[in-house]
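A structural walkthrough
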Amino acid sequence: LEQFLSTCRHHAGIVAQMVAQFKASCDKIQDNCAQIADTLLVNIRKKKVYRQDEFEQRQQSHRDKMRERLEEKHAEIRQLMTATYQVFRADSAEVQRHWYRFTQKVDKMLEQALRQAVKRSLHELAKAINGDGKNDVAPLLHVNVVLEHSQRVELQPTLEQLSATVHDVSKQLVGSITVVPRLTDVLRGEYLLHPLPDPDRPAPSDPSAPVPLAGDSRSLLGASSGVGSSRSLQLNPAAAPSASGLVRSTSTVATPAAAASTAAAAPPAAAVPDPDDSKPLPSFYELIYADDEIVKVFGQIAAGLVQHVDQLQRYLADFDKYKHLWDLDKEAYIRRYAKSNRTLEVFEADIVEKQETQRQVEAEETIKQLKFLRLDCSLLKAALIGHCHAWQNKFTGLLAQNASNELRALLELFGEAHKQLKVSPRNVEMLKQTINLLKKMQDEAPAIEARFEPLQKQFKALDKFDVTIDEREKAQLELLPHAWHEFRTLLLDTEEAIKSKKETFKNKLLQSGDEFGKVVNTFRDDWLKSQPTSSEFSAAKAYSAIDDYRKQLEGLVEKEQKLKEGLAIFAIDPPSYKELSQTAKDLDAIEQLWRLKDDWETTWNKWKTVPFTQLNTKDMEEDASIYQKRVAKLGKELKAVQVWQELKEKVDQFKISLPLIMDLKNPCLRPRHWEQLKSELGKPFDQTSAEFTLETLIALGLDAYQDSIGNMSANASKEMAIEDALRSIEATWLEVRLDVLPHKEGYYRLQPSEEIFQTLEDNQVTLAALKSSRFYYAFEDQVEYYEKALSHVLETIEMIMQVQRGWRYLENIFSGFEDIRKQLPVESALFDAVNARWKNIMEALHTDNRALAGTHREGLLEMLIDMNAKLERIQKSLDQYLETKRTFFPRFYFLSNDDLLEILGQSKEPHAVQSHLSKCFDNVKRLELSSPAPGALPAAGLPGGKKRTTTDALGMHSAEGEYVPFEAKIAAEGPVETWLGHMEAAMRMTLRKELQKGLVGLKKNKKERWIAETAGQLVIACSQIQWTADTTKALEDVERGNKTAMRELRRKQAGNLKRLSDLVRSPLSPINRLKVVALLTIEVHLRDVLERLIKANVGSERDFDWRRQLRFYWERDQASGLQQGGETMLIRQTNAQFEYGYEYIGNTGRLVVTSLTERCYLTLTTALALKRGALPQGPAGTGKTESVKDLAKAMGKYTLIFNCSDGLDFQSLGRSFSGLAQTGAWSCFDEFNRIDVEVLSVVAQQVSSILVAIAEERRRFYFEGNEIRLNASCGIFITMNPGYAGRSELPGTLIAIMLHQSLMAMLLVARMCTPSVVSVIIIIIIIIIIIIII
């Protein structure tokens, strides 16, 4: 036991020693990391200002030292790690894993220390740039402000260079840590690090986890260890090998020294590599350089530099006020300055300005601190002062030069005048020069004297500005007054000398003038005798004589000029020598005449030798006119000259012959004309040969036949016009093309072209005009050919268009509707034949679309005429077929042929008929169609008892969305006119049954439910029936003695309105809201009627005020022959009675009924009762048409509104009347008087025949030659405004069968019948009666 305890104590001591050594190593590692963290990688001394190169060198030197220090500290840490590892080198994998994590933690601590060092260093640099926020920024860099290349103020070094320096220092600062490699990389390379997988940990510890710095409460050794330094980085116990591992290691390693020696000899323990070990970790430099906080500090440094830019730019821009010193080109400016002759005051001001600028520059700050920069402006100031000196020297130099030039100019002036005035004149010319010079000097003497004072001031200014003046110039300036005195004395002496010389020269000059006059007279006489004006002179001889005389004249003129100048000296008027000017004028005129004669001869010789075919008569005429004008102009002076007379005769003769030449050159002349001329002349010649020239033409004596040739030329021109017109027509129709376009697959159509028809018309007019010309007969055959050809073209094109219209209409029918083909087999076969021929014709025209050639194909026109006749026959048969269908279902009369054909062509498709229902019925937008199971009941009128499958019509939808189901299904099969007739009957039956149900429901159900369940049309009908019954009963009660019955009914009506007004404000569906609004409109009118009846004290059902109202009853119509249970709705007004039409009008709104509307109703119903039509007339907006429409709604009638225009014809109107008569519908022809009066007369007969048949109560009658059935309930109404201009007067026969009503007159009466107006009228009547009595 003692031995065991001793052994345990021994081993425990070894373990304690190892732990102590491990803790000591950890403390040293932490201390080294702390020293690394405290390292500054930048060296900036306080209050030290660096130059750029000095700053860069100092930082480079400091960085080199810090790199050595970092390498030293890293080497110590590596040695400690190596020594520590020797203890655990041979331990188990568990210990190796702890060692690997411990190494990662130390590596992370080293990274954190380097990051701290970099961050502190960058912060130090940023503080030097931006300051610490408390104190002003101390200057760091010294910068010179210079004038760069004498162009602009700039920093030296520039701001870009300074920024680059700071950036390089910052970057290299971070780069200093590249000398510190990762411990994991170093130890792995020395086989001191072998990562092993940890089975107890889900993932390796995060090596990037932050490691606390010295003093951090998160101590890596723990508080219980009792070991640690308050100033060092601390390690986590988890990173150290475990105690059990240390104990286990003692079996092989007794002491650390032994462990080290063993480790050196033994190979590394086997280890399984870490899965992530193959991935190299980034270096410290890469991690720290990309660190967010480091990047942020970089940004602060960059931002500080940028912030200084604006302030620096403003400071440098402040020197722009001196920009004029260096920016202007001094030499060029001084050159311009010298040319502008500035005054001395301007010179002095400019020099003083530059001196003042120099003082301002000297006063500028030499040293300026801006943030971290110290700006030295000494070089800039020196450059600016140099410019100021240069400007001053330029100005003073120019001033000195000006003063010297002025002094020299004055002295030279005096010397030159003395030299010239001292010479005694020897002739008149010299005398003149001396006198002129003397006068000039005397006149300029005051100005010369005035130049002395400015000159003196200039030299004084030069002295003031310390400009050195040459001694010679000083001496000349002092002698200037003496020279001026001598100059004045010279002028006086010269004036006295000239006076004595003038008389002698005057006498000699007068004698010379007399002798010159004699010479001039002799010259003039010689010219008049020898001038070249005769035709005996040749042109060369004439020009020679003219030149000789001109030379003599020039010599005499020169002598005359000298004589005049001499006499002018003595103020003597010179004599006039008119002979010289007249001779000069004669010489010019004679020379022009001979030049003109030469030109004419040259031109004539050229013309007469040119072949006649190449003569240009236009140029000849222009040239001859020019020659004639020039000869006439010279004739004003040379009319008597022989040469002129001969030249004029030649030119005039040519002008006379020129029309003959122009006639013969007429391009309209044809060979037949030349043959005619040769025959008349009797001499053969070839006008096209080169030998036939103008000279030949004159030799033939053609001038004797000038009139005949002129007539021949004029006739040729007229004939040429006809020929050109025919040629133009021919060219036009060679180019005109028919516009044949693709129509559909395999077919083409001709596009009508206004241009072709216009061309045809123009050319036909042209041909007619040509035939009226007396020169037409030479082209008679051609004119007649084109006349016939163009007429054929026009006829053929018109026939093509006519056939095309018929073909296109019928092609859509016979190609698109197979049912129609089956019902019209003969017409279909005939159309197929026409269609095939039409296709061939249009294909040929498309192939050759030339208008002239294409329309002249043999037999084309006849073929088109035959095709057109066949198409008209087919169209007639089709119209008869459609008329048959309309007779079966008269509402088809209200459809166009195209719509009806579409319906008939798709009769097997009831859905296709839906879109046309609204054109046949008042408000049936579509039918509810279905395909029921076999066994559906057959439609009324069809053979029954058989089970079948059909498409059934179940109900009808209005445009407002209301749906009314039929009482019984309608089988939509068979001929469409048949099942539509059944549908019409079902509509009337359904509405009658629904009306009966609605009357019952009105009494049993609540108002709201009743309105929702009943169709909108029937809601109003039931309400009107109930109101009529209630009012009739109330009137009977009044007649029996109950005087309050009407008032009680009024209260009941008010209650109904109150319920309806509440209902309309409640949430309703759109359909029900329309019902309530329409019902409310009618109920308000019924209330107003009650009010009027009460005010009129109506007490009997027989009272007219009651009978004139539109009343509605539900009872059996005796005239209709209905059996028991066959009640119907009857409408009465006055003595007229009508059965309700049961036309479905949907859920539409109703017109607000006024007294004017009631009167209109009364007129319309009276007209119907009298078997006549009605004619409401009045201005626009009085409600003519709307009243007719609303009355039709009240009576359940199908109403058609026709907007008439002058384009209507009696056929279309007749078709409408035929449909109205057979369907029993109402019609309203609005603005009827727009129709042409010719049509109105026929329409009057049509309307009259219908109304007569109604009056005679016929069931069938003849209309427009056809026997049709008659529905006596039809109504024909005409509305119009007779006051508009341009409207037709209605025929008397039409007026006679119409009941008139003027809505305007009724409106005025209604407006006048107010209580106030009535009172005024009564008062006026009383006053009139009193006046009559008096």
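1. Description of the overall build of the protein
In terms of helices and strands, the protein carries 45 helices and 19 strands. Within the protein, counting contacts between residues at least 6 apart in sequence, those at least 24 apart form 75% of the total.

2. A short note on the packing of aromatic side chains
In the structure shown here, the tally under the stated rule is 21 aromatic pairs. Ring geometry for Phe889 against Phe892: centres 5.0 Å apart, planes inclined by 75 degrees, an arrangement best described as edge-to-face. Just as Phe889 is buried, Phe892 falls in that class too. Each member of the aromatic cluster is reached from another via a ring pair, and the members are Phe22, Tyr85, Trp99 and Phe102. Directly above the aromatic system of Tyr1113 lies the positively charged group of Arg1132, at a separation of 4.4 Å from the ring centroid.

3. What about the pattern of salt bridges?
One pass over the full model with this rule turns up 43 salt bridges. Measuring nitrogen to oxygen at the nearest pair gives 2.1 Å for the salt bridge that ties Glu293 to Lys119. Here Lys119 lies in helix α3 (residues 93–130) and Glu293 lies in helix α9 (residues 292–317), a separation of 174 residues in the sequence. For Glu293, a relative accessible area of 44% gives the class partly exposed. In this structure, the salt-bridge partner of Arg1150 is Asp1190, at a minimum N-O distance of 3.1 Å.

4. A word on the sheet that holds strand β4 (residues 373–376)
Strand order in the open sheet formed by four strands is β2-β1-β4-β3, with mixed pairing between adjacent strands. Edge strands, defined here as strands with exactly one partner in the open sheet, are β2 (152–156) and β3 (367–370). For this sheet, the mean angle separating the axes of adjacent strands, direction not counted, is 30 degrees.

5. A word on the packing of helix α24 (residues 754–771) against helix α25 (residues 780–816)
Here α24 crosses α25 at 155 degrees, and the two axes come no closer than 10 Å. Between α24 and α25, the angle falls in the class roughly antiparallel. Judged by the twist between their axes, the crossing of α24 over α25 is left-handed. Note on element contacts: α25 touches α24 through Val783, Tyr786, Glu787, Leu790, Ser791, Val793, Leu794, Ile797 and Glu798, opposite Ile756, Phe757, Leu760, Asn763, Gln764, Leu767 and Lys771. In the contact of α24 with α25, the residues fall into 10 nonpolar, three polar and three charged.

6. Examining the sheet that holds strand β12 (residues 1136–1139)
Read across the open sheet, the three strands follow the order β10-β11-β12; overall the sheet is antiparallel. With one partner strand each, in any of the chains shown, β10 (1111–1115) and β12 form the two edges of the open sheet. Going from strand to strand, the sheet's axes swing by 30 degrees on average, the running direction of each strand aside. One ladder, built from four bridges, connects strand β11 (residues 1128–1133) with β12; its direction is antiparallel. Of the residues in β12, the one forming a bridge with Leu1130 is Glu1139.

7. Brief notes about a negative patch on the surface
Negative charge collects at one region of the surface, where Glu795, Glu798, Glu858 and Glu862 lie side by side. As for its position among the elements, Glu858 is in the loop between α28 (851–855) and α29 (860–888). Here Glu858 falls in the exposed class, since its relative accessible area comes to 82%.

8. Section: the nonpolar core
Counting 121 residues, the largest nonpolar core has Trp733, Leu864, Phe892, Val924, Leu927 and Met956 as the members making the most contacts within it. The dominant element in this core, judged by the number of residues it contributes, is α25, at 14 residues. Every residue in contact with Val924, bar those within four places of it in the chain, is listed here: Leu917, Ser918, Met956, His957, Met983, Met987 and Tyr1144.

9. Thoughts on the environment of Asn43
Considering the arrangement of structural elements, one finds Asn43 in the loop between α1 (2–37) and α2 (52–88). When its relative accessible area of 24% is taken as the criterion, Asn43 is described as partly exposed. Residues Asn43 and Phe55, spaced 12 residues apart in sequence, show a C-alpha to C-alpha distance of 9.3 Å. The contacts of Asn43, once residues within four sequence positions are left out, are Tyr50, Arg58, Gln59 and His62.

10. Digging into unusual backbone geometry
Not every positive phi belongs to a glycine, and Thr1134 is a case in point at roughly 50 degrees. Within the secondary structure, Thr1134 sits in the loop between β11 and β12. With a phi close to 55 degrees, Tyr1142 is a non-glycine residue in the positive phi region.

11. Section: the packing of helix α18 (residues 578–609) against helix α20 (residues 642–664)
Put simply, α18 and α20 touch, their axes get as near as 11 Å, and they point 30 degrees apart. Crossing angle aside, the handedness with which α18 passes α20 is left-handed. Contact residues: α18 offers Leu593, Trp594, Leu596, Lys597, Trp600, Glu601, Trp604 and Trp607, while α20 offers Val643, Trp644, Leu647, Lys650, Val651 and Phe654. Each residue belonging to the contact of α18 with α20 can be placed in one class, and the counts come to 11 nonpolar, no polar and three charged.

12. Focus: the environment of Ala390
Summarising the element assignment, Ala390 is placed in helix α13 (residues 378–421). As a C-alpha pair, Ala390 and Lys330 span 60 residues in sequence and 8.5 Å in three-dimensional space.

13. A short note on the confidence of the model for the protein
Scored by pLDDT, the protein comes out at a mean of 77, with 81% of its residues at no less than 70. Across the protein, element-level confidence peaks in β11 with a mean pLDDT of 93 and bottoms out in helix α6 (residues 243–249) with 33. Taken as a whole, residues 196–278 scores under 50 in pLDDT and shows 124 contacts with residues more than four places along the chain or in a different chain. Contacts for the low-pLDDT stretch residues 932–948, under 50 throughout, to residues beyond four places or in other chains number 24 contacts.

14. Observations regarding the state of the cysteines
A complete count under the given rule lists zero disulfides for this structure. The thiol of Cys1228 is not disulfide-bonded; the next cysteine sulfur, from Cys1204, is found 8.7 Å away. Its relative accessible area of 0% is what places Cys1228 among the buried residues.

15. Some points on the side chain of Thr1223
Tracing the sequence through the fold places Thr1223 in helix α41 (residues 1210–1223). The class for Thr1223 is buried, based on a relative accessible area of 8%. Apart from residues no more than four positions distant in its own chain, Thr1223 is found in contact with Pro890, Arg891, Phe894 and Asn1271.

16. Some words on the pairing of strand β15 (residues 1226–1230)
Burial analysis of β15 places five of its five residues in the buried class, the great majority of the element. Every second residue of β15 is oriented toward a common face, with Trp1226, Cys1228 and Asp1230 on one face and Ser1227 and Phe1229 on the other, all of them buried. Where strand β14 (residues 1199–1203) meets β15, five bridges bridge the pair, whose relative direction is parallel. Bridging from a neighbouring strand, Phe1202 pairs with Phe1229 of β15. On the question of chirality, the crossover connecting β14 to the parallel β15 by way of α41 is right-handed.

17. Here we look at a nonpolar patch on the surface
Side chains of Leu1, Phe4 and Leu5 sit close together on the surface and give an oily, nonpolar patch of about 350 Å² of accessible area. Within the secondary structure, Phe4 is located in helix α1.

18. A closer look at the environment of Glu76
In this fold, Glu76 is placed in helix α2. The class of Glu76 is partly exposed, set by a relative accessible area of 28%. Considered as a pair, Glu76 and Ile29 are 47 residues apart in the sequence and their alpha carbons are 8.0 Å apart.

Calculation criteria
- Residues numbered from 1 in each chain as written.
- Predicted model: local features only at pLDDT ≥ 70, side-chain atom pairs only at ≥ 80, totals over all residues.
- Heavy atoms only, no water.
- Helix = DSSP H or I, 4+ residues; strand = E, 2+ residues; numbered from the N terminus.
- Contact = heavy atoms within 4.5 Å.
- Phe/Tyr/Trp six-rings, centres within 6.5 Å; stacked < 30°, edge-to-face > 60°.
- Buried < 20%, exposed > 50% of the residue type's maximum accessible area, 1.4 Å probe, protein only.
- Lys NZ or Arg CZ within 6 Å of the ring centre and 35° of its normal.
- Salt bridge = Lys/Arg side-chain N within 4 Å of Asp/Glu carboxyl O.
- Pairing = 2+ DSSP bridges.
- Axes fitted to C-alpha atoms, helices over the stretch in contact; angles between N-to-C directions.
- Parallel < 35°, antiparallel > 145°, perpendicular 65-115°, else oblique.
- Left-handed = near helix turned anticlockwise from the far one by under 90°.
- Nonpolar A, V, L, I, M, F, W, Y, C, P; charged D, E, K, R; others polar.
- Patch = residues over 30% accessible without salt bridge, like charges linked within 9 Å, V, L, I, M, F, W, Y side chains within 5 Å.
- Areas by Shrake-Rupley, 256 points an atom, 1.4 Å probe, with all protein chains shown as cover.
- Lys, Arg positive; Asp, Glu negative; His and termini not counted.
- Charge placed at Lys NZ, Arg CZ, Asp CG, Glu CD.
- Core = buried A, V, L, I, M, F, W, Y, C linked by side-chain atoms within 4.5 Å.
- pLDDT = per-residue confidence, 0-100.
- Disulfide = S-S within 2.5 Å.
- Right-handed = clockwise from strand over helix to strand, strands pointing away.

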